[in-house]
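Below, each chain spelled out in residue letters.
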Amino acid sequence: GADYVIANLSDPEFKLDAKTIPQFCNSIRKTVLGSEEIGSIGCIHIMGHLLLVEEETDVASAIKVCDTLTPQAQYECYQGAFMENVTRNNLVIHGMAKPFPMNEAGASLQEDICRQYTGLAAQACWRELAHIYTNIMRDPEQIQRRCSRAPTELAQDECYIHSMQVVIHDTASAKHETMVK
(Lines give C-alpha, C1' and ligand atoms only; values in the text may rest on other atoms or scores of the structure.)
Protein backbone atom coordinates (compact mmCIF):
# COMPACT_ATOMS: atom_id res chain seq x y z
CA GLY A 1 0.00 0.00 0.00
CA ALA A 2 1.97 2.93 1.33
CA ASP A 3 5.25 1.48 0.02
CA TYR A 4 3.89 1.52 -3.55
CA VAL A 5 2.77 5.15 -3.25
CA ILE A 6 6.04 6.37 -1.71
CA ALA A 7 8.21 4.44 -4.18
CA ASN A 8 6.37 5.79 -7.19
CA LEU A 9 6.09 9.39 -6.05
CA SER A 10 9.86 9.52 -5.65
CA ASP A 11 10.47 7.96 -9.09
CA PRO A 12 11.06 10.70 -11.70
CA GLU A 13 10.00 8.23 -14.42
CA PHE A 14 6.58 7.62 -12.82
CA LYS A 15 3.82 8.49 -15.29
CA LEU A 16 0.07 8.60 -14.72
CA ASP A 17 -1.72 6.29 -17.14
CA ALA A 18 -4.44 3.63 -17.42
CA LYS A 19 -2.32 1.21 -15.39
CA THR A 20 -0.79 3.45 -12.73
CA ILE A 21 -3.85 5.54 -11.84
CA PRO A 22 -5.96 2.57 -10.63
CA GLN A 23 -2.89 0.97 -8.98
CA PHE A 24 -2.06 4.18 -7.19
CA CYS A 25 -5.65 4.83 -6.05
CA ASN A 26 -6.22 1.20 -5.04
CA SER A 27 -3.00 1.25 -3.05
CA ILE A 28 -4.06 4.38 -1.19
CA ARG A 29 -7.51 2.93 -0.59
CA LYS A 30 -6.01 -0.30 0.76
CA THR A 31 -3.70 1.62 3.08
CA VAL A 32 -6.44 3.90 4.40
CA LEU A 33 -9.49 1.63 4.38
CA GLY A 34 -8.03 -1.85 4.27
CA SER A 35 -9.77 -2.56 0.94
CA GLU A 36 -8.51 -2.43 -2.63
CA GLU A 37 -11.80 -1.82 -4.44
CA ILE A 38 -11.84 0.70 -7.28
CA GLY A 39 -14.32 2.68 -5.25
CA SER A 40 -11.58 5.26 -4.71
CA ILE A 41 -13.34 7.70 -7.00
CA GLY A 42 -12.14 10.79 -5.09
CA CYS A 43 -8.59 9.68 -5.75
CA ILE A 44 -9.27 9.37 -9.47
CA HIS A 45 -10.69 12.91 -9.50
CA ILE A 46 -7.45 14.09 -7.88
CA MET A 47 -5.46 12.17 -10.50
CA GLY A 48 -7.33 14.19 -13.15
CA HIS A 49 -6.04 17.37 -11.51
CA LEU A 50 -2.51 15.96 -11.41
CA LEU A 51 -2.72 14.81 -15.03
CA LEU A 52 -3.10 18.40 -16.15
CA VAL A 53 0.07 19.24 -14.21
CA GLU A 54 1.90 16.21 -15.61
CA GLU A 55 0.75 17.08 -19.13
CA GLU A 56 2.01 20.64 -18.60
CA THR A 57 -1.41 22.34 -18.93
CA ASP A 58 -2.33 20.48 -22.12
CA VAL A 59 -6.02 19.73 -21.53
CA ALA A 60 -6.37 17.52 -24.62
CA SER A 61 -3.45 15.32 -23.54
CA ALA A 62 -4.84 14.95 -20.01
CA ILE A 63 -8.27 14.02 -21.39
CA LYS A 64 -6.67 11.41 -23.66
CA VAL A 65 -5.20 9.71 -20.59
CA CYS A 66 -8.61 9.83 -18.87
CA ASP A 67 -10.08 8.23 -22.03
CA THR A 68 -7.97 5.11 -21.36
CA LEU A 69 -9.51 4.44 -17.93
CA THR A 70 -12.53 2.26 -17.24
CA PRO A 71 -15.88 3.98 -17.86
CA GLN A 72 -16.44 4.12 -14.08
CA ALA A 73 -13.22 6.10 -13.61
CA GLN A 74 -13.29 8.23 -16.77
CA TYR A 75 -15.92 10.72 -15.63
CA GLU A 76 -14.13 11.46 -12.34
CA CYS A 77 -10.83 11.84 -14.15
CA TYR A 78 -12.39 14.22 -16.69
CA GLN A 79 -13.91 16.28 -13.88
CA GLY A 80 -10.54 16.59 -12.15
CA ALA A 81 -8.72 17.65 -15.33
CA PHE A 82 -11.37 20.20 -16.35
CA MET A 83 -11.68 21.50 -12.79
CA GLU A 84 -7.92 22.01 -12.59
CA ASN A 85 -8.00 23.89 -15.88
CA VAL A 86 -10.52 26.30 -14.36
CA THR A 87 -9.39 26.55 -10.72
CA ARG A 88 -5.69 26.09 -11.55
CA ASN A 89 -4.75 25.52 -7.92
CA ASN A 90 -1.93 23.08 -8.72
CA LEU A 91 -0.90 24.74 -11.98
CA VAL A 92 -0.43 28.12 -10.28
CA ILE A 93 1.42 26.62 -7.29
CA HIS A 94 3.88 24.95 -9.69
CA GLY A 95 4.31 28.13 -11.73
CA MET A 96 2.86 26.48 -14.83
CA ALA A 97 -0.04 28.87 -15.42
CA LYS A 98 -1.60 32.10 -14.28
CA PRO A 99 -5.00 32.06 -12.55
CA PHE A 100 -7.89 31.42 -14.92
CA PRO A 101 -10.01 34.50 -15.65
CA MET A 102 -13.17 33.95 -13.59
CA ASN A 103 -15.22 36.35 -15.70
CA GLU A 104 -17.20 36.45 -18.95
CA ALA A 105 -14.05 36.11 -21.06
CA GLY A 106 -12.98 33.06 -19.05
CA ALA A 107 -16.45 31.53 -19.32
CA SER A 108 -16.38 31.98 -23.09
CA LEU A 109 -12.91 30.45 -23.32
CA GLN A 110 -13.91 27.40 -21.25
CA GLU A 111 -17.18 26.99 -23.17
CA ASP A 112 -15.11 26.84 -26.38
CA ILE A 113 -12.98 24.10 -24.82
CA CYS A 114 -16.09 22.18 -23.76
CA ARG A 115 -17.52 22.32 -27.29
CA GLN A 116 -14.49 20.32 -28.49
CA TYR A 117 -15.69 17.27 -26.54
CA THR A 118 -18.60 14.83 -26.65
CA GLY A 119 -20.05 12.25 -24.29
CA LEU A 120 -18.77 12.01 -20.73
CA ALA A 121 -15.87 14.37 -21.38
CA ALA A 122 -18.24 17.12 -22.57
CA GLN A 123 -20.57 16.48 -19.63
CA ALA A 124 -17.68 16.80 -17.15
CA CYS A 125 -16.37 19.92 -18.87
CA TRP A 126 -19.73 21.70 -18.70
CA ARG A 127 -20.10 20.57 -15.08
CA GLU A 128 -16.88 22.29 -14.10
CA LEU A 129 -18.00 25.57 -15.68
CA ALA A 130 -19.93 25.92 -12.42
CA HIS A 131 -16.77 27.34 -10.85
CA ILE A 132 -16.74 30.22 -13.33
CA TYR A 133 -20.48 30.79 -13.59
CA THR A 134 -20.90 31.06 -9.82
CA ASN A 135 -18.07 33.55 -9.69
CA ILE A 136 -19.82 35.75 -12.26
CA MET A 137 -23.38 35.39 -10.95
CA ARG A 138 -25.35 33.86 -8.08
CA ASP A 139 -28.89 34.03 -9.44
CA PRO A 140 -30.13 30.49 -10.17
CA GLU A 141 -32.11 31.60 -13.23
CA GLN A 142 -29.07 33.30 -14.77
CA ILE A 143 -26.94 30.25 -14.07
CA GLN A 144 -29.61 28.00 -15.62
CA ARG A 145 -29.56 30.13 -18.78
CA ARG A 146 -25.76 29.81 -18.98
CA CYS A 147 -25.87 26.06 -18.38
CA SER A 148 -28.48 25.69 -21.12
CA ARG A 149 -25.66 26.34 -23.61
CA ALA A 150 -24.41 22.80 -22.97
CA PRO A 151 -25.13 20.43 -25.88
CA THR A 152 -27.14 17.81 -23.97
CA GLU A 153 -29.78 17.87 -21.28
CA LEU A 154 -27.56 15.76 -19.03
CA ALA A 155 -24.63 18.19 -19.40
CA GLN A 156 -26.99 21.10 -18.72
CA ASP A 157 -28.24 19.38 -15.57
CA GLU A 158 -24.71 18.58 -14.37
CA CYS A 159 -23.69 22.19 -14.93
CA TYR A 160 -26.69 23.58 -13.04
CA ILE A 161 -26.64 21.08 -10.17
CA HIS A 162 -22.91 21.54 -9.61
CA SER A 163 -23.35 25.32 -9.76
CA MET A 164 -25.98 25.12 -7.03
CA GLN A 165 -23.66 22.88 -4.99
CA VAL A 166 -20.92 25.50 -5.28
CA VAL A 167 -23.30 28.30 -4.23
CA ILE A 168 -24.55 26.29 -1.23
CA HIS A 169 -21.01 25.34 -0.21
CA ASP A 170 -19.79 28.93 -0.47
CA THR A 171 -22.79 30.20 1.50
CA ALA A 172 -22.34 27.58 4.22
CA SER A 173 -18.60 28.30 4.41
CA ALA A 174 -19.24 32.02 4.76
CA LYS A 175 -21.77 31.40 7.55
CA HIS A 176 -19.31 29.09 9.30
CA GLU A 177 -16.55 31.72 9.06
CA THR A 178 -18.89 34.27 10.65
CA MET A 179 -19.84 31.90 13.48
CA VAL A 180 -16.20 30.99 14.21
CA LYS A 181 -15.15 34.63 14.58
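(A) A look at the nonpolar core. Ranked by size, the top nonpolar core spans 46 residues in total, and within it I21, L51, I63, F82 and Y117 carry the most contacts. For this core, the leading source of residues is helix α5 (residues 71-87), giving seven residues. Once you skip the residues sitting within four places of it in the chain, F82 turns out to touch V59, I63, Q110, I113, Y117, A121, A124, C125 and E128.

(B) Focus on the state of the cysteines. Summed over the entire model, instances satisfying the criterion amount to four disulfides. Bridging C25 to C43, the disulfide has an S-S length of 2.2 Å. Because the torsion about its S-S bond is -80°, the bridge between C25 and C43 counts as left-handed. Placement of C25 in helix α2 (residues 20-33) and of C43 in helix α3 (residues 41-54) is noted, with a sequence separation of 18 residues between them. Note on accessibility: C25 and C43 belong to one class, buried. Here C147 is linked by a disulfide to C159, with a sulfur-sulfur distance of 2.1 Å. Here C147 and C159 share a disulfide; its torsion about the S-S bond, -65°, makes the bridge left-handed. Pair noted here: C147 is in helix α10 (residues 140-147) and C159 is in helix α11 (residues 153-180), with a separation of 12 residues, a long-range link. Judged by relative accessible area, C147 falls into the buried class, the value being 0%.

(C) Highlighting unusual backbone geometry. Here the phi dihedral of E56 falls at roughly 55°; this positive angle occurs in a residue that is not glycine. Among the residues examined, E56 registers a relative accessible area of 60% and is labelled exposed. A positive phi is found at R88, a non-glycine position, where the angle reads about 55°. Judged by its relative accessible area of 16%, R88 falls in the buried class.

(D) Structural view of the environment of R145. Tracing the sequence through the fold places R145 in helix α10. Judged by relative accessible area, R145 falls into the exposed class, the value being 52%.

(E) Quick look at the pattern of salt bridges. Under the criterion given, the structure shown has 10 salt bridges. The salt bridge partner of R146 is E104, with a shortest N-O separation of 2.8 Å. Within this pair, whereas R146 is found in helix α10, its partner E104 is found in helix α7 (residues 104-114), the two being separated by 42 residues in sequence. The class for R146 is buried, based on a relative accessible area of 8%. In this structure, R138 engages D170 in a salt bridge whose closest nitrogen and oxygen atoms are separated by 2.9 Å. With R138 in the loop between α9 (130-136) and α10 and D170 in helix α11, the pair connects residues that are 32 residues apart, well separated along the chain. One network of salt bridges, with partners in common, ties together E104, E111, D112, R115, R146 and R149.

Thresholds applied
Residues numbered from 1 in each chain as written. Predicted model: local features only at pLDDT ≥ 70, side-chain atom pairs only at ≥ 80, totals over all residues. Heavy atoms only, no water. Core = buried A, V, L, I, M, F, W, Y, C linked by side-chain atoms within 4.5 Å. Buried < 20%, exposed > 50% of the residue type's maximum accessible area, 1.4 Å probe, protein only. Helix = DSSP H or I, 4+ residues; strand = E, 2+ residues; numbered from the N terminus. Contact = heavy atoms within 4.5 Å. Disulfide = S-S within 2.5 Å. Salt bridge = Lys/Arg side-chain N within 4 Å of Asp/Glu carboxyl O.

So yeah, pure geometry; function would need other evidence.
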